[in-house]
Amino acid sequence: MMYFVNRYVLGIALTLITAFSYGAEPDWTDYRAVLEHIRPGNKNGVSLMLVDYKTIRDDGSLDRAYQALSTFPVASLAGREEKLAFYINAYNILALKMVADHWPLKSIKDVGSWFSPVWKKPSGELGGKVVTLDEVEHEILRPMGEPRMHMAVVCASVSCPDLRKEPFVAAKLDEQLNDQATKFLNNAGKGLRVSKETIRVSKETIRVSKIFDWFEKDFSGQGGVEAFVRRYHPDLPDYRLKANIPYDWAVNALR
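Colleague: Whenever I open this one, the overall build of the protein confuses me. Can you help?
Modeller: Of regular secondary structure, the protein possesses 9 helices and 7 strands. Classification of the 255 residues of the protein by burial places 49% in the buried group. Residue pairs at least 24 apart in sequence account for 68% of intrachain contacts in the protein once pairs closer than 6 positions are excluded. Summing over all exposed atoms, the protein offers an accessible surface of approximately 12,900 Å²; the carbon and sulfur share of this is 54%.

Colleague: Looking at this structure, I do not really get the layout of surface pockets. What am I missing?
Modeller: The method is simple in principle: a probe with the dimensions of a water molecule rolls over the atoms, and the space it marks as empty is what remains. Counted as a void, the largest pocket has a volume near 370 Å³. Lining the largest pocket we find 22 residues, and of these Trp 119, Glu 137, Cys 155, Trp 214 and Trp 249 sit closest to its centre. Contributions of two or more residues to the lining of the largest pocket are made by helix H6 (133–141) and helix H8 (211–214). Considering every element that reaches the lining of the largest pocket, the biggest residue donor is H6, with 3 residues. Approximately 180 Å³ is the volume attributed to the second largest pocket.

Colleague: Where do I start with the state of the cysteines in this structure?
Modeller: A covalent bond between the sulfur atoms of two cysteines is referred to as a disulfide. Tallied over the full model, the rule gives 1 disulfide. Each sulfur in the disulfide pair Cys 155 and Cys 160 lies 2.3 Å from the other. Looking along the S-S bond of the Cys 155-Cys 160 disulfide, the torsion reads about -60°, which is the left-handed sense. Classification of Cys 155 by relative accessible area gives buried; the value is 10%. For Cys 160, a relative accessible area of 0% gives the class buried.

Colleague: What is the right way to look at the packing of helix H4 (residues 61–70) against helix H5 (residues 80–101) in this model?
Modeller: The relative placement of two packed helices is expressed as an angle between their axes plus a distance between the axes. Their axes nearest at 10 Å, the elements H4 and H5 cross at an angle of 140°. Between H4 and H5, the interaxial angle falls into the category oblique. Where H4 crosses over H5, the two elements pack in a sense that is left-handed. Contacts from Leu 62, Ala 65, Tyr 66 and Leu 69 of H4 reach H5 at Phe 86, Ala 90, Ile 93, Leu 94, Leu 96, Lys 97 and Ala 100. For the contact of H4 with H5, the residue count by class is 10 nonpolar, no polar and 1 charged.

Colleague: When you look at the nonpolar core in this model, what are you seeing that I'm missing?
Modeller: In globular proteins that are soluble, nonpolar side chains generally tend to be buried together. Of all hydrophobic cores here, the largest spans 74 residues; its most connected members are Tyr 31, Tyr 53, Phe 86, Leu 96, Leu 126 and Phe 212. With 14 residues, H5 is the single largest residue contributor to this core. If sequence neighbours within four positions are ignored, Leu 96 has contacts with Tyr 31, Val 34, Val 51, Tyr 53, Ile 56, Leu 62 and Leu 163. In terms of nonpolar packing, the next biggest core, distinct from the first, is built from 5 residues, Val 46, Leu 48, Leu 50 and Val 158 among them.

Colleague: So what exactly am I meant to see when it comes to H4 here?
Modeller: Each α-helix turn comprises 3.6 residues. Residues three or four places apart therefore point the same way. When we look at burial in H4, the residues that qualify are Ser 61, Leu 62, Ala 65, Tyr 66, Leu 69 and Ser 70. Taken down its axis, H4 places every buried residue within 160° of arc, on the same side. Contacts made by the buried residues of H4 are with helix H2 (29–35), helix H3 (53–58), H5 and strand E3 (122–126).

Colleague: Would you mind going over the side chain of His 233 with me for this structure?
Modeller: Tracing the chain through its elements places His 233 in the loop between helix H9 (225–232) and strand E7 (240–245). Within the local environment of His 233, its side chain forms a polar contact with the backbone oxygen of Leu 185, the two atoms lying 2.7 Å apart.

Colleague: Would you explain the pattern of salt bridges in this entry?
Modeller: Between side chains of opposite charge, pairing is possible as soon as their charged atoms come close. According to the stated counting rule, one finds 17 salt bridges in the structure shown. Taking the shortest distance from any N to any O, the salt bridge between Glu 146 and Arg 148 comes out at 2.9 Å. In this structure, Glu 146 and Arg 148 share a single accessibility class: buried. In the salt-bridge network here, residues are joined through shared partners; they are Arg 80, Glu 81, Glu 146, Arg 148 and Asp 174.

Colleague: I'm lost on the pairing of E3 in this one. Help?
Modeller: Regular strands show a simple pattern: their side chains alternate between the two faces of the sheet. Summarising the sheet, E3 and strand E4 (residues 129–132) pair through 4 bridges and their orientation is antiparallel. Bridge pairing links Gly 124 to Val 131 in E4.

Colleague: For this particular structure, what's the right way to read the packing of H5 against H6?
Modeller: Closest axis-to-axis distance for the H5/H6 pair is 9 Å, and the angle between their directions is 165°. By the angle between their axes, H5 is roughly antiparallel relative to H6. Here the hand of the crossing between H5 and H6 comes out left-handed. In contact with Leu 84, Tyr 87, Ile 88, Tyr 91, Leu 94 and Ala 95 of H5, H6 contributes Leu 133, Val 136, Glu 137, Ile 140 and Leu 141. Residue composition of the contact of H5 with H6, by class: 10 nonpolar, no polar and 1 charged.

Conventions used here
Every residue gets a number counted from 1 within its own chain, in the order that chain's sequence is written. Only residues with pLDDT of at least 70 get local features here, since the model is predicted, and only at 80 or more are side-chain atom pairs given and counted; chain-wide, interface and lining totals rely on the full set of residues. Side-chain numbers come from the whole structure's heavy atoms, not from hydrogens or water. The helix and strand labels rest on DSSP assignments: H or I over at least four residues marks a helix, E over at least two residues marks a strand, and numbering proceeds from the N terminus. Per-residue accessibility, obtained with a 1.4 Å probe over protein chains only, is compared with the maximum for each type, and a residue is labelled buried under 20%, exposed over 50%, and partly exposed between these values. The contact rule is simple, with two residues in contact once any of their heavy atoms fall within 4.5 Å. Each accessible area is a Shrake-Rupley estimate made with a 1.4 Å probe; only the visible protein chains count as cover when residues are assessed. A pocket, in this scheme, is an open set of points on a 1 Å grid over the protein atoms alone with protein on both sides within 12 Å along at least 5 of 7 lines, while a cavity is a set where a 1.4 Å probe fits but cannot get out; residues line either one if an atom lies within 4 Å of a point. Grid points are joined across faces, edges and corners, and a volume is the space filled by probe spheres set on the points. Here, two cysteine sulfur atoms that lie within 2.5 Å of each other are counted as a disulfide. Axes here mean lines fitted to C-alpha atoms, for a helix over just the part in contact, with angles spanning 0 to 180 degrees between N-to-C directions. For classification purposes, angles smaller than 35 degrees are called roughly parallel, those larger than 145 roughly antiparallel, those between 65 and 115 roughly perpendicular, and all remaining angles oblique. Helix crossings fall into two classes, left-handed where the near helix is turned counterclockwise from the far one by less than a right angle and right-handed where it is turned clockwise. Side-chain classes are defined by residue name, with Ala, Val, Leu, Ile, Met, Phe, Trp, Tyr, Cys and Pro counting as nonpolar, Asp, Glu, Lys and Arg as charged, and the others, Gly among them, as polar. The set of buried Ala, Val, Leu, Ile, Met, Phe, Trp, Tyr and Cys residues whose side-chain atoms join them within 4.5 Å is what this entry labels a nonpolar core. It is the directions from the helix axis to the C-beta atoms whose arc is reported. Pairing of N or O atoms within 3.5 Å defines a polar contact, subject to two protein rules: one partner must be a possible hydrogen donor and the other a possible acceptor, and residues neighboring in sequence count only if both atoms are side-chain atoms. By definition, a salt bridge exists where a carboxyl oxygen of Asp or Glu is found within 4 Å of a side-chain nitrogen of Lys or Arg. The criterion for strand pairing is that DSSP finds at least two bridges linking the strands in question.

Dropping the structure here:
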């Protein structure tokens, strides 16, 4: 009898520990409904997850996801993982909204101009404050020191990492980010290609996504870009690595 009581008490204790380890996070039900409208496909020769922007705009699912996001009390986010997961989801929802609000278009960059780029335009509200995509990415996410977030934020373009079929959550964020990095670095059309498979190699040069050029310093805590890449591809040949794969800004749209 004592054995079963102890197991019961232990179960309660573990539940409480989990609850206190991760505080209040949003109910991502509405965002999950949006993610039901992404599916694998091919665009401009690249395999990726494509978004049905017309449907998520017309059926109200994206608007509901945005309303839930914009009214969430961000001050209740307790830890680093919660904040990372929340703001990665926030960036992705706001990028989806930016495209859907201006649908149809060929590229998210078409929303802006050379003098007023889309990244610096108001994209929505978080915690009662109007924010831009630049602010979420550069002023909130990047200072958290997690370079794998670059494999998770999706700027609604072909060469971006794929949208995940589930929201990011604190309790399994490390697993989710590792999975995102693995998938991106194994996508021959986006991240890396060796010979005919995973990394673009030409004249003893390994070519990788320009993301690793734009945000090179964010990987310094991981030993640099090459160390980060080789962590996911330890079998790479000893060639020079260049982050210069052309970036395709075509919108990641289903149609």
